[in-house]
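Chain and residue survey
The residues making up each chain are set out below.
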Amino acid sequence: MANRTTTEQDVEAKENGWMTGFVCLRCGAEEGTSFRGYLCPACGGNLDVTYDVAALRRLWEEGRLLDTERADMFRYRRLMPIRDLTHAPRLRVGNTPLLPAPRLGEALGLRNVFLKDDGLNPSGSFKDRASALVIARARELGADVVAAASTGNAGSAMACMAASLGMPAVIFVPESAPRAKLAQLLIFGAHVIAVQGNYDDAFDLCSRVCEARGWFNRNTGLNPYTREGKKSCSFELCEQRNWVPPDWVIVCTGDGNIISGIWKGFRDLYDIGSIDRLPRLVAAQAEGSAAITRAVQRLRAENAPPGPALWRDLKIEPVEAKTVADSISVDDPRDGLAAVRCVLESGGDAVAVPDEEILAAIQELGRRTGVFAEPSAAASVAVLRRLAAAGSIGADDHVVCLISGSGLKDVDAARRAAGEPHRVAPDLDATLSLLEQLGLS
């Protein structure tokens, strides 16, 4: 079987899906492709989508894995749980640039720093990847309405994708969601429900409403397909680097779904033979929302060996989240187990930084690279600075910071980071004097 050649008929037949089912990340129970729930029926844990690895490996070896006619995330559709791309959004999601950042690296004593700028997706967020995949899957399954809970980005992404297809979207947000993100939701035509509470309150209410109405629930950390969209970033990273993975990938982390999606992507490529090693992943968190970091540090202190017994019994203690980085502000990380697993399995780390360092990173990133990031995205750079100062990353290591969202998502935070403009009267002498003070003579 290992030497069998995949025929055109095989490929056409498998276009009905390379997905083989689901496996529970907590207890290991398996479900088939006919399963229509979200969580493991056996233990309530989060599910991971599984694939026909042997067939995908053959396609890779024959140079037929990628859909080379596409230049978006669906270039990798054979590694995704969808069959019919006519259900996909009418927008270009993915194929975001991998940018060298030599001036940032020089300031940190590192020679190979890169930025994966996902703020250039249609709604300005990495989460467009998850929403594009989820809505395609929802339409395949015959859903009429999609719903999501969000602090802003996931909801904006869902609303954006739904608008491109004319599909109703209902978004539950906490009252504290930034104004720019609320404006996006409303412009895209979503039905926005501001919940008098935090993200976790919005999440729970959304889930109850979806169950009562039969809507398709996009909620991150519950819907297993969100991870499948987010892993497309790893595929792009490796292809952009000629299938050589970086040494480190630093990922802003709130509920844990982005970093677990990034890890899933690298694991998929490793399993089918596209890459020959795996990178180390770092969960970048805000000190005011550091449930995953605390769990990793506790397990490291206990010297707990990764494995099925640990995953079955792992408890992640919630926090009372409070941070300027709203996109990673989470009390109870819904995909926390998957995030902890990927950090430990990859030999990576989890680091939490204060808001002051996150705001400083927004400014440093803008001035040294020309990339404008929202607070949660800049957390990856703040953590990179911490790791570089500690000597945890070698000077020649290849490091990628995921920039998960545009700074235009939260202009108020950007103003706090940047300060105020210089004011001057409309007078030439006064202006020249000011310029001298600024060293611009």
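Heads up: the structure comes first, above all this text.
Residues numbered from 1 in each chain as written. Predicted model: local features only at pLDDT ≥ 70, side-chain atom pairs only at ≥ 80, totals over all residues. Heavy atoms only, no water.

Things to note about the packing of aromatic side chains
- Inspection of the entire model under this criterion finds six aromatic pairs.
- Pairing Phe22 with Phe35 gives two aromatic rings, centres 5.8 Å apart and planes at 70°, and the pair type is edge-to-face. Taken together, the residues Phe22 in strand 1 (residues 19–24) and Phe35 in the loop between strand 2 (30–31) and strand 3 (47–51) connect sequence positions 13 residues apart. The pair Phe22 / Phe35 is uniform in exposure class, with both members buried.
- Judged by centre distance (6.0 Å) and plane angle (70°), the ring pair of Tyr38 and Phe216 falls under edge-to-face. One end of the pair, Tyr38, is in the loop between strand 2 and strand 3; the other, Phe216, is in strand 9 (residues 216–217), and 178 residues separate them in sequence. (Phe/Tyr/Trp six-rings, centres within 6.5 Å; stacked < 30°, edge-to-face > 60°. Helix = DSSP H or I, 4+ residues; strand = E, 2+ residues; numbered from the N terminus. Buried < 20%, exposed > 50% of the residue type's maximum accessible area, 1.4 Å probe, protein only.)

Topic: the sheet that holds strand 8 (residues 191–195)
- Here we have four strands laid out as an open sheet, ordered 8-7-6-9, and parallel in their pairing. Strands with a single pairing partner mark the edges of an open sheet, and in this sheet they are strand 8 and strand 9.
- Across two bridges, strand 6 (residues 146–149) lies against strand 9 in parallel orientation. Looking across to strand 9, one finds that Ala147 is bridged to Asn217. (Pairing = 2+ DSSP bridges.)

Concerning a nonpolar patch on the surface
- A grouping of Leu428, Leu432, Leu435, Leu438 and Leu440 is seen on the molecular surface, where their side chains present a nonpolar patch of about 460 Å² in accessible area.
- Checked against the element boundaries, Leu432 lands in helix 17 (residues 428–437). (Patch = residues over 30% accessible without salt bridge, like charges linked within 9 Å, V, L, I, M, F, W, Y side chains within 5 Å. Areas by Shrake-Rupley, 256 points an atom, 1.4 Å probe, with all protein chains shown as cover. Salt bridge = Lys/Arg side-chain N within 4 Å of Asp/Glu carboxyl O.)

A few points about the nonpolar core
- Among the nonpolar cores identified, the biggest contains 83 residues, and Ile262 and Val340 are the most heavily contacted of them.
- When residues in this core are grouped by element, the largest group, seven residues, is from helix 10 (residues 257–272).
- Residues within four places of Val340 in sequence aside, it is in contact with Ile292, Ala295, Val296, Leu299, Leu314 and Ile316. (Core = buried A, V, L, I, M, F, W, Y, C linked by side-chain atoms within 4.5 Å. Contact = heavy atoms within 4.5 Å.)

With respect to the pattern of salt bridges
- Summed over all chains, the structure comprises 30 salt bridges.
- Of the charged contacts, one joins Glu420 and Arg415 as a salt bridge, the two residues approaching to 2.8 Å between their closest N and O atoms.
- In the salt-bridge network here, residues are joined through shared partners; they are Asp48, Arg227, Glu228, Lys231, Lys264, Asp268 and Asp335.

With respect to the environment of Gly394
- Along the chain, Gly394 turns up in the loop between helix 15 (375–390) and strand 13 (399–403).
- Since its relative accessible area comes to 27%, Gly394 is described here as partly exposed.
- Along the primary structure Gly394 and Asn112 are separated by 282 residues, whereas in three dimensions their C-alpha atoms are 9.8 Å apart.

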